[in-house]
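Chain by chain, the residues:
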Amino acid sequence: MVLAQYQREFIEFAIANEVLTFGKFTLKSGRQSPYFFNAGKFNSGSALAKLGRYYAEAIVARKDLEYDVIFGPAYKGIPLAASTVIGLATGDSGLDVPYSFNRKEKKDHGEGGSIVGAELKGKVLVVDDVITAGTAIRESVSIIQEAGAGLSGIVVAIDRQERGKESELSAIQEIESEYGVPVIAVVTLASIVEYLREKGGEHAAMLEAMESYRIQYGAKY
C-alpha cells in the first residue's frame with residue numbers, strides 16, 4: 001500500500017508523543033499485542049491542534065463523504081470534534097463546519113437538553129478515538145436519530161483491523177455493516193506495518209512482530 005503524507009506524519013507524531021508504542025501489551029481481549037495506541041496522551045494544545053489537522057485531512061481525502069455537522073460523543077469525542085472543525089477551517093479546504101457534543105446528563109435549566117453546540121440536523125459525521133466494542137458509536141447513533149438527523153459516517157484515529165473473539169469481522173466492519181456508512185481511520189494497522197517496512201533498520205524486529213500479529217488476528221478485508 002502507498003501511505004499518504006498525512007498518514008506518515010501522523011504515525012511519526014503518535015510515536016513521538018508515546019501514543020503509539022511497541023513492545024508486549026495485554027489487551028482487554030486477553031490477546032498479547034506488539035503495539036499499543038493510547039490517544040489520551042494527545043494531551044497538550046500543540047498535540048491537539050495537530051491531531052485535528054490529521055482528522056481533517058482524512059475527512060477531506062474521502063471525496064464522497066457528505067456531512068452537515070460533526071459530532072463528538074462525550075467524553076473523548078468532545079476535544080476531537082472541536083480540534084477537527086478547527087483543522088477543517090484552518091487547513092487548505094477552508095471549510096467552516098458546525099460541531100456539537102452531548103452531555104452525559106441532561107440539563108433542566110439554561111438551554112436545557114443534552115446537546116451542546118450546533119443543532120444535530122441533516123447528515124452527521126461522528127468523530128472518536130477508536131472503535132472497540134462499538135458501544136459509544138451505538139449510543140451516538142441513538143442520539144442522532146432522536147434529534148431527527150442521520151449518520152453519514154464515522155472518523156477514528158486508528159483501525160486495528162483485528163477480528164473479534166466471535167467473528168471474522170473487525171469492530172469497524174461490524175459497525176459499517178450494521179449502519180451502512182463508512183468508518184474512516186486516519187491510519188490502520190496496515191498503514192503502521194507499511195511505515196515500519198519503509199523505515200527498515202532498527203524497525204525490522206517490530207515489523208516482524210506486527211506482521212505475525214496481523215496474520216494471527218487480522219480481520220479479512
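Residues numbered from 1 in each chain as written. Predicted model: local features only at pLDDT ≥ 70, side-chain atom pairs only at ≥ 80, totals over all residues. Heavy atoms only, no water.

The name an unreviewed UniProt entry assigns to the chain is orotate phosphoribosyltransferase, from the organism Coemansia guatemalensis. On record in UniProt, under Subunit (unreviewed entry), the comment for the chain is "Homodimer." Recorded under Sequence similarities (unreviewed entry), the UniProt text for the chain is reproduced unchanged: "Belongs to the purine/pyrimidine phosphoribosyltransferase family. PyrE subfamily." (UniProt positions renumbered as here; feature names shortened; annotations may be inferred.)

Chemist: Please explain the overall build of the chain as it appears in this structure.
Modeler: Assigned secondary structure in the chain consists of seven helices and eight strands. By the compact-globule yardstick of 17 Å for 221 residues, the chain fits well, its C-alpha radius of gyration being 18 Å. Sequence separation of at least 24 residues holds for 69% of the intrachain contacts in the chain that already meet a minimum separation of 6. Put simply, the chain shows about 11300 Å² of open surface, and 51% of that area lies on carbon and sulfur atoms. (Helix = DSSP H or I, 4+ residues; strand = E, 2+ residues; numbered from the N terminus. Rg over C-alpha atoms; globule rule 2.2 N^0.38 Å. Contact = heavy atoms within 4.5 Å. Areas by Shrake-Rupley, 256 points an atom, 1.4 Å probe, with all protein chains shown as cover.)

Chemist: How should the pairing of strand 8 (residues 183-188) be read in this particular structure?
Modeler: Burial analysis of strand 8 places six of its six residues in the buried class, the great majority of the element. Bridging between strand 7 (residues 150-159) and strand 8 involves five bridges; their strand directions are parallel. Following the sheet pairing, Ile154 is matched in strand 8 by Val183. One crossover worth recording links strand 7 to the parallel strand 8 by way of helix 5 (residues 171-179), and it is right-handed. (Buried < 20%, exposed > 50% of the residue type's maximum accessible area, 1.4 Å probe, protein only. Pairing = 2+ DSSP bridges. Right-handed = clockwise from strand over helix to strand, strands pointing away.)

Chemist: Help me understand the packing of helix 2 (residues 45-61) against helix 3 (residues 77-90) in this model?
Modeler: Think of two packed helices as two axes; the pair is described by the angle between the axes and how far apart they sit. The geometry of helix 2 relative to helix 3 is characterised by a closest axis approach of 7 Å and an angle of 70 degrees between their N-to-C directions. Judged on the interaxial angle alone, helix 3 and helix 2 are roughly perpendicular. Pair helix 2 / helix 3 crosses with right-handed handedness. Only Pro79, Leu80, Ser83, Thr84, Gly87 and Leu88 of helix 3 make contact with helix 2, whose side of the interface consists of Leu48, Leu51, Gly52, Arg53, Tyr55, Ala56, Ile59 and Val60. Within the contact of helix 2 with helix 3, the residues separate by chemical class into nine nonpolar, four polar and one charged. (Axes fitted to C-alpha atoms, helices over the stretch in contact; angles between N-to-C directions. Parallel < 35°, antiparallel > 145°, perpendicular 65-115°, else oblique. Left-handed = near helix turned anticlockwise from the far one by under 90°. Nonpolar A, V, L, I, M, F, W, Y, C, P; charged D, E, K, R; others polar.)

Chemist: Please explain helix 7 (residues 204-217) as it appears in this structure.
Modeler: Counting along an α-helix, one turn takes 3.6 residues, and residues three or four places apart therefore face a common direction. A rise of 1.5 Å per residue sets the reference length of helix 7, with its 14 residues, at 20 Å; its end C-alpha atoms lie 20 Å apart and thus fit the reference within 8%. Residues Leu207, Met210, Tyr213 and Tyr217 constitute the buried set of helix 7. Considered in projection along helix 7, the buried side chains sweep an arc of 130 degrees and stay on one side of the axis. Seen from the open side of helix 7, the exposed residues pointing more than 90 degrees away from its buried face are Ala205, Glu208 and Ile215. (Expected span 1.5 Å × (residues − 1). Arc of directions from axis to C-beta.)

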